[in-house]
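Survey of secondary and tertiary structure
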Amino acid sequence: MSEVKLAAAVRTEFGKGAARKIRRAAAIPAVLYGHGTDPVHLTLPAHETTMALRTPNVLLALDIEGKGSELAIPKAAQRDPLKGDLEHVDLLLVKRGEKVVVEVPVVAEGELAAGGNLLEHVLNTLSVEAEATHLPESVTVSVEGLEAGSSVAAGAITLPKGVTLVTEADAVVLQVLAAQAEEPAAESAEGDEAAEA
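Owing to the predicted nature of the structure, the values given are computational and were not obtained by experimental measurement.

Glancing now at the overall build of the chain. If you tally the helices and strands in the chain, you get 3 helices and 13 strands. Counting only C-alpha atoms and orienting by the principal axes, one finds that the chain spans roughly 80 × 50 × 25 Å. For the chain, with 197 residues in total, the buried portion stands at 32%. Contacts in the chain between residues at least 24 apart in sequence constitute 63% of all its contacts with a sequence separation of at least 6. Only carbon and sulfur atoms are counted for the fraction: they give 51% of the accessible area of the chain, which is about 11,700 Å².

Spelled out as structure tokens, the structure:
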């Protein structure tokens, strides 16, 4: 995984008014915490941060006012419910070699067995532990040839080297459902006759 470098500035103004002012200036308020240190309130460039957060579990190298780089991963991002714009980001301070627990998206690939079956994602993400500098962006699961009634448990998914599963091994991640047959037209005709009587 590559690092995304972001310039960050320490912020001293707080509250809704200050946050709106920061966002008007094409920046995003953020908080950096972890390792028992006091939280550091930052502003990050809006466009670069938004682009970086499109990659799940991205590793951010924060250059805080030119005083050196800190590594962080996004822990939570709040978005405007209507526009979808980033409004605030919580960042977790990490160190090289340190293991962290993150949620990783599950991606299904392959074709199900013939018959119009449906694939249900019971879990969209898996909780895994990995080195902070080697976090997987996603986990791919093959569903090739699976038939109705089949399921894939978390423990059966192959994880990248150095990544361990935190989700319960027997938790169902994907399951194949049989396609539902449509209601016969005769039943609706009987219902119409009963309504007329």
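For the rest of this paragraph, the subject is the pairing of strand S13 (residues 172-177). The sheet contact formed by strand S8 (residues 118-121) and S13 spans 4 bridges and is antiparallel. Looking across to S13, one finds that Leu 119 is bridged to Val 176. Sheet topology note: the strand S11 (residues 151-153)/S13 ladder contains 3 bridges and is antiparallel. Of the residues in S13, the one forming a bridge with Val 152 is Leu 174.

With respect to the helices and strands, Thr 167 occurs in the loop between strand S12 (164-165) and S13. The class of Thr 167 is buried, set by a relative accessible area of 18%. Within polar-contact distance, the side chain of Thr 167 engages the backbone nitrogen of Ser 127 at 2.8 Å. Other than its neighbours up to four places away in sequence, Thr 167 contacts Leu 123, Leu 126, Ser 127 and Ala 154.

Spatially, 4 strands are ordered S10-S7-S9-S12 in an open sheet, and the strand pairing comes out mixed. The open sheet terminates on both sides in strands that have one partner only, identified here as strand S10 (139-142) and S12.

What follows concerns the pairing of strand S4 (residues 59-64). Most of S4 is tucked away, with 5 of its 6 residues classed as buried. Across 4 bridges, S4 lies against strand S5 (residues 69-79) in antiparallel orientation. The residue bridging Asp 63 from the neighbouring strand is Ser 69, located in S5. Connecting S4 to the antiparallel partner S5 that follows it, the hairpin turn spans 4 residues, and Glu 65 within it adopts a positive phi of roughly 50°.

Looking now at the nonpolar core. Ile 73, Val 94, Val 100, Val 102, Leu 126, Ile 157 and Val 173 are the most contacted members of the largest nonpolar core, which totals 24 residues. Listing elements by their share of this core, those giving two or more residues are S4, S5, strand S6 (86-94), strand S7 (99-109), strand S9 (125-131), S10 and S13. Here this core gets 4 residues from one element, more than from any other, and that element is S7. Membership of the second largest hydrophobic core comes to 19 residues, among which are Leu 6, Ala 8, Leu 44 and Leu 53.

Strand order in the closed barrel formed by 6 strands is S1-S3-S2-S6-S5-S4, with mixed pairing between adjacent strands. Taken pair by pair, the neighbouring strands of this sheet meet at an average axis angle of 45°, ignoring direction. Bridging between strand S1 (residues 3-10) and S4 involves 6 bridges; their strand directions are parallel. Counterpart to Ala 7 in the pairing with S4 is Asp 63. Running at roughly 120° to strand S2 (residues 27-34), helix H1 (residues 16-24) makes contact with S2, strand S3 (37-45) and S6 of the sheet.

What follows concerns the confidence of the model for the chain. The predicted model of the chain has a mean per-residue pLDDT of 82, with 90% of residues at 70 or higher. Element-level mean pLDDT values for the chain span from 51 in helix H3 (residues 185-196) up to 92 in S12.

This part takes up the side chain of Thr 133. Following the sequence through the fold, Thr 133 ends up in the loop between S9 and S10. Relative accessible area serves as the criterion here: at 9%, Thr 133 is assigned to the buried category. For Thr 133, the side chain forms a polar contact with the side chain of His 134, separated by 3.2 Å.

Rules used in this analysis
- Residues numbered from 1 in each chain as written.
- Predicted model: local features only at pLDDT ≥ 70, side-chain atom pairs only at ≥ 80, totals over all residues.
- Heavy atoms only, no water.
- Helix = DSSP H or I, 4+ residues; strand = E, 2+ residues; numbered from the N terminus.
- Buried < 20%, exposed > 50% of the residue type's maximum accessible area, 1.4 Å probe, protein only.
- Contact = heavy atoms within 4.5 Å.
- Areas by Shrake-Rupley, 256 points an atom, 1.4 Å probe, with all protein chains shown as cover.
- Pairing = 2+ DSSP bridges.
- Polar contact = N/O pair within 3.5 Å; in protein donor to acceptor, adjacent residues only side chain to side chain.
- Core = buried A, V, L, I, M, F, W, Y, C linked by side-chain atoms within 4.5 Å.
- Axes fitted to C-alpha atoms, helices over the stretch in contact; angles between N-to-C directions.
- pLDDT = per-residue confidence, 0-100.

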